[in-house]
Amino acid sequence: MSEVIRTHFFDHEEDRLLEARNIHFWRALVGHVQADRSIPSDATVLDIGCHRGGLLELLHERFKAVKLLGIEPLVSARRVAERRLARFAAHTQLFGSEGWSSIPYAGVDLVVGHEVLQYISDLPLLMANIRRVIKPGGFVYLALGCHTENPLWATWKRELEVLGHAVHDHSPLEIMAAGACAGLAPSVRPLRDTGWAYHDPSVSGSFSYPSVGALLDHQFRHKLLFRFERCV
């Protein structure tokens, strides 16, 4: 997850649509955080791969977090997020990919990440960084559908590589094992297992589905939410 200086993640229009597609998954992630009661009222939250700041904005609106931290290697997205989050009273700090060292030891109450692990080559290093910054008793929620157990990943991986993105194969058990080796207690569930599957097939672009069956399998089976707890 090295520093990237480019105008957009995909292109301007795709970046705009990306957030519209992701909002349903962000709401599901935040719902699990709320159901688990895993965030204090005066929380510091960290979003890994925060892009344009949409998930951080949702976390602030839902929980009134007092400090918003983000790691985002895409410089242009980070600047958009800075402007977007500046209107909130919460203290905001956004870092590039090397920003882990700027986050204090045990200084974060909640860590989140949505569809970011496929861009990270060194899972043990990521989990070690998370373990260092999360407070004892703190939780980490990482949502991912781009993993090796998802039949659609092989196609999506090729699409991303054609666009110039460096992506990596990770299996769900590998992700859980990396967290456990770093001292984090791992668990997993589908991000969503009920409700409506949101998708507009008239919009062309990356991450398409060959059938409704594949759409439902992705959204309710293969899109996973990994939870890690720092117990001590």
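Residues numbered from 1 in each chain as written. Predicted model: local features only at pLDDT ≥ 70, side-chain atom pairs only at ≥ 80, totals over all residues. Heavy atoms only, no water.

J.: I would appreciate a short explanation of the overall build of the protein in the present structure.
T.: Across its full length, the protein holds seven helices and seven strands. The C-alpha atoms of the protein give a radius of gyration of 17 Å, which matches the 17 Å a tight globule of 232 residues would have. The C-alpha extent of the protein, read off along each of the three principal axes, is 45 × 35 × 30 Å. Buried positions account for 53% of the 232 residues belonging to the protein. Considering only intrachain contacts with a sequence separation of at least 6, the fraction spanning at least 24 residues in the protein is 79%. Counting only carbon and sulfur atoms, one obtains 54% of the accessible surface of the protein, whose full area is about 10,700 Å². The centroid of the 25 positive side-chain charges in the protein is displaced by 5 Å from the centroid of its 26 negative side-chain charges. (Helix = DSSP H or I, 4+ residues; strand = E, 2+ residues; numbered from the N terminus. Rg over C-alpha atoms; globule rule 2.2 N^0.38 Å. Buried < 20%, exposed > 50% of the residue type's maximum accessible area, 1.4 Å probe, protein only. Contact = heavy atoms within 4.5 Å. Areas by Shrake-Rupley, 256 points an atom, 1.4 Å probe, with all protein chains shown as cover. Lys, Arg positive; Asp, Glu negative; His and termini not counted. Charge placed at Lys NZ, Arg CZ, Asp CG, Glu CD.)

J.: Just to check I follow, could you spell out the side chain of glutamate 57 for this structure?
T.: Along the chain, glutamate 57 falls in helix H2 (residues 54–63). Among the polar contacts listed, one links the side chain of glutamate 57 to the side chain of arginine 87, at a separation of 2.3 Å. In this structure, glutamate 57 is in contact with Arg84, Leu85, Arg87 and Phe88, ignoring residues within four places of it in sequence. (Polar contact = N/O pair within 3.5 Å; in protein donor to acceptor, adjacent residues only side chain to side chain.)

J.: Help me understand the pairing of strand S7 (residues 224–229) in this model?
T.: Where a strand is regular, its side chains alternate between the two sheet faces. Two strands pair when backbone bridges link them, and strand S5 (residues 134–144) and S7 are joined in this way by six bridges, in the antiparallel orientation. Paired with valine 140 across the two strands is phenylalanine 228, which belongs to S7. As defined by bridge partners, strand S6 (residues 185–190) adjoins S7 across six bridges and the pair is classed as antiparallel. Bridging across to S7, serine 187 finds its partner in arginine 227. (Pairing = 2+ DSSP bridges.)

J.: Would you explain helix H4 (residues 123–133) in this entry?
T.: Side chains of residues three or four places apart in an α-helix project in the same direction, reflecting 3.6 residues per turn. Along H4, the positions that sit buried rather than exposed are Leu123, Leu126, Met127, Asn129, Ile130 and Val133. The arc enclosing the buried residues of H4, seen along the axis, measures out at 155°, which places them on a common side. On its buried side, H4 packs onto strand S1 (44–48), strand S4 (108–114), S5, helix H6 (172–181) and S7. The backbone nitrogen of leucine 125 has a side-chain oxygen 3.0 Å away, supplied by the residue at the start of H4, namely aspartate 122. (Arc of directions from axis to C-beta.)

J.: Could you clarify how one ought to interpret the pattern of salt bridges in this entry?
T.: When the charged atoms of two side chains lie near each other, side chains of opposite charge can form a pair. Scanning the entire structure with this criterion turns up eight salt bridges. The residue aspartate 36 makes a salt bridge to arginine 227 at a minimum N-O spacing of 3.1 Å. In this pair, aspartate 36 is assigned in helix H1 (residues 12–36) and arginine 227 in strand S7, connecting sequence segments 191 residues apart. Put simply, lysine 157 and aspartate 169 hold a salt bridge, and the shortest N to O gap is 2.9 Å. Here lysine 157 is found in helix H5 (residues 153–162), whereas its partner aspartate 169 is found in the loop between H5 and H6, with 12 residues between them in sequence. Looking at lysine 157, the relative accessible area reads 19%, which means it is buried. The exposure class assigned to aspartate 169 is partly exposed, which follows from its relative accessible area of 39%. Through salt bridges with shared partners, a single ionic network connects Glu19, Glu57, Arg84 and Arg87. (Salt bridge = Lys/Arg side-chain N within 4 Å of Asp/Glu carboxyl O.)

J.: Is there a simple way to explain the side chain of histidine 32 in this structure?
T.: Position of histidine 32 among the secondary structure elements: in helix H1. In contact with histidine 32, not counting residues within four places along its chain, are Tyr141, Arg189, Pro190, Leu191 and Leu225.

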